[in-house]
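Residues per chain are reported as follows:
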Amino acid sequence: MSLVLTVDGDRWRAHLRGVAERHPGLVPVVKGNGYGFGLGRLARKAQWLGVDTLAVGTYDEIAHVASRFEGDIVVLTPWRPFGTAVEVLDDDTLVRRVIHTVSRTVDLPDLLGRRPDARFVLERLTSMQRHGLAARELWALAPTLADHPKARLEGIAMHLPLAQGSHLSQVGRLMTDVVGAELPAVAGARRIWVSHLTDEELTSLRASYADFEFRPRIGTGLWLGDRGALRVTATVLDVHAVERGDSFGYRGRTAPKAGHLLVVSGGTAHGIGLEAPTGDLNLKGRAGTLARGGLDALGFVRSPFSIDGKQRLFAEPPHMQASMLFLPAGSRVPAVGEQVDVRVRYTTTAFDHVVLG
Ligand SMILES: *Cc1c(COP(=O)(O)O)cnc(C)c1O
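Residues numbered from 1 in each chain as written. Predicted model: local features only at pLDDT ≥ 70, side-chain atom pairs only at ≥ 80, totals over all residues. Heavy atoms only, no water.

The chain has the name Alanine racemase in an unreviewed UniProt entry, where Nocardioides fonticola is given as its organism.

Below is the structure:
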């Protein structure tokens, strides 16, 4: 009845270990839906990996990881003077473990006014243009830091875009800003938290800036880096033979030809969505498909479910907990209870359960 993620545990753990060994200073990113595995499970895995710090996306995610991971927790969403970011400052045990991200000059004195011993990284704006301080804003914070001797600067954070060519020239320019900022002479001023650098780029940066410590934040490449260790399956829940012209579904659609309707587990509640229509969408292409009797030309849309290695079409848009597929006559009809493979985007899928072997 479920949409299930099955993990080849030995293979997955070997991959996680390998990534950790190749990335000294690794900061696993544990955010959102936990990359499909769930936040709690990934927090325990980060503990098992033996890292000293993990990163969450939001302040509200802290509660999901804090009791499963013993180390420090970096919050990637920058601190703001409202909401959970402020509430967390009242928790004396958590305050020692949480590392805030400061991305605006006004926020640093505000945060330190509330918690003089707060731990934080200063985020430098990159070509991503999401959050972060401009070079002169970073420089302007040096006096604030000098005025707050208890403040715990833990590093400079840079969030780089997914690689389109090398990041090295950009990181080089950003490093020049860091060096020029005249931050206090604490270890954190020489610690750089980065994302989306290739192994070669990290090696090159470590050689160029030997007196800095680089901490790579990795989510996708860590948790989802070995897709061969993962399998997503749905279950056939029902099969109905239909003749051409039979109506079915919420909208009383009619079957374009004889075949089978297949009801499989997994629907909109799991994040199963419509995929791009198959084939050629221009008029000429559609006419050609129609002439061949192609179902896509009749508005049937490709589904992420595949049977016998062939991606199948939705009979109609996915329902909340199940989906209806159309199987044209002549295809092998799977039995109720049989598993079918599903291609999903892990970061937007809610599995009913995860089977970790
Ligand atoms: C999500 C995120 C990451 C990790 O990204 P992946 O592509 O999943 O490795 C790193 N840094 C920041 C700031 C992020 O928001």
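Back to the write-up after that little detour.
**Student:** Can you tell me about the site of the ligand, naming the residues and giving the values?
**Tutor:** In the vicinity of the ligand, the residues found are Val-29, Lys-31, Tyr-35, Leu-76, Arg-130, His-159, Ser-195, His-196, Arg-217, Ile-218, Gly-219 and Thr-220. Within the side chain of Lys-31, a nitrogen or oxygen atom sits 2.8 Å from an oxygen atom of the ligand. Take Arg-130: an N or O atom from its side chain is 3.0 Å from an oxygen atom of the ligand. Considering the ligand on its own, with 390 Å² of exposed area, one finds that the protein chains cover 88% of that surface. (Near = heavy atom within 4 Å. Polar contact = N/O pair within 3.5 Å; in protein donor to acceptor, adjacent residues only side chain to side chain. Areas by Shrake-Rupley, 256 points an atom, 1.4 Å probe, with all protein chains shown as cover.)

**Student:** So what's going on with the environment of Ala-241? Residues and values would help.
**Tutor:** Examined against the element boundaries, Ala-241 turns out to sit in strand E10 (residues 230-242). For Ala-241, a relative accessible area of 61% gives the class exposed. As a C-alpha pair, Ala-241 and Arg-206 span 35 residues in sequence and 63 Å in three-dimensional space. (Helix = DSSP H or I, 4+ residues; strand = E, 2+ residues; numbered from the N terminus. Buried < 20%, exposed > 50% of the residue type's maximum accessible area, 1.4 Å probe, protein only.)

**Student:** With reference to specific residues and values, describe the pairing of strand E6 (residues 119-124).
**Tutor:** With respect to burial, E6 is a largely interior element, six of its six residues being buried. Of the two faces of E6, the one carrying Arg-119, Val-121 and Glu-123 and the one carrying Phe-120, Leu-122 and Arg-124 are both buried. Relative to E6, strand E5 (residues 98-102) runs parallel, the two being bridged by four bridges. Looking across to E6, one finds that His-100 is bridged to Phe-120. Taken together, E5, helix H6 (residues 107-114) and E6 form a β-α-β motif whose crossover is right-handed. The pairing of E6 with strand E7 (residues 152-158) spans six bridges and is parallel. (Pairing = 2+ DSSP bridges. Right-handed = clockwise from strand over helix to strand, strands pointing away.)

**Student:** Can you tell me about the domain arrangement of the chain, naming the residues and giving the values?
**Tutor:** For the chain, the domain assignment lists domain 1 (8-223) and domain 2 (230-356). In this structure, domain 1 and domain 2 have C-alpha centres spaced 42 Å apart. Of the residues lining the interface, nine residues belong to domain 1; the matching set on domain 2 comes to eight residues. Between domain 1 and domain 2, roughly 750 Å² of surface is buried when both sides are summed, and carbon and sulfur atoms account for 63% of that area. (Domains from an automatic or database assignment. Contact = heavy atoms within 4.5 Å. Buried area = accessible area lost by both parts, 1.4 Å probe.)

**Student:** Residue-level account of empty space enclosed by the protein, with values.
**Tutor:** In total, this model carries two cavities of 30 Å³ or more according to the counting rule given. Considering only enclosed or pocket space, the second largest cavity measures out at about 40 Å³ in volume. Lining the second largest cavity, in full, are Glu-123, Arg-124, Leu-125, Thr-126, Met-128, Gln-129, Arg-130, His-131 and His-159. Of the residues contributing to the lining of the second largest cavity, the split by class is two nonpolar, four polar and three charged. (1 Å grid on protein atoms, 1.4 Å probe; cavity = no way out; pocket = protein on both sides within 12 Å on 5 of 7 lines; lining within 4 Å. Points joined across faces, edges and corners; volume = space filled by probe spheres on them. Nonpolar A, V, L, I, M, F, W, Y, C, P; charged D, E, K, R; others polar.)

**Student:** Got a sec to walk through the UniProt feature "domain: Alanine racemase N-terminal" (unreviewed entry) in the chain? Specific residues and values, please.
**Tutor:** The feature "domain: Alanine racemase N-terminal" (unreviewed entry), as given by UniProt, occupies residues 7-165 in the numbering adopted here. Between the C-alpha atoms that bound residues 7-165 the distance is 33 Å, and the span itself is 37% helix and 18% strand. (UniProt positions renumbered as here; feature names shortened; annotations may be inferred.)

**Student:** Describe the packing of helix H1 (residues 9-22) against helix H2 (residues 39-49), naming the residues involved and giving the relevant values.
**Tutor:** Put simply, H1 and H2 touch, their axes get as near as 11 Å, and they point 60 degrees apart. Taken together, the axis directions place H1 and H2 in an arrangement best described as oblique. Crossing of H1 against H2: the hand is right-handed. Taking contact as the criterion, the partners of Trp-12, Arg-13, Leu-16, Arg-17 and Ala-20 in H1 are, on H2, Leu-42, Lys-45, Trp-48 and Leu-49. (Axes fitted to C-alpha atoms, helices over the stretch in contact; angles between N-to-C directions. Parallel < 35°, antiparallel > 145°, perpendicular 65-115°, else oblique. Left-handed = near helix turned anticlockwise from the far one by under 90°.)

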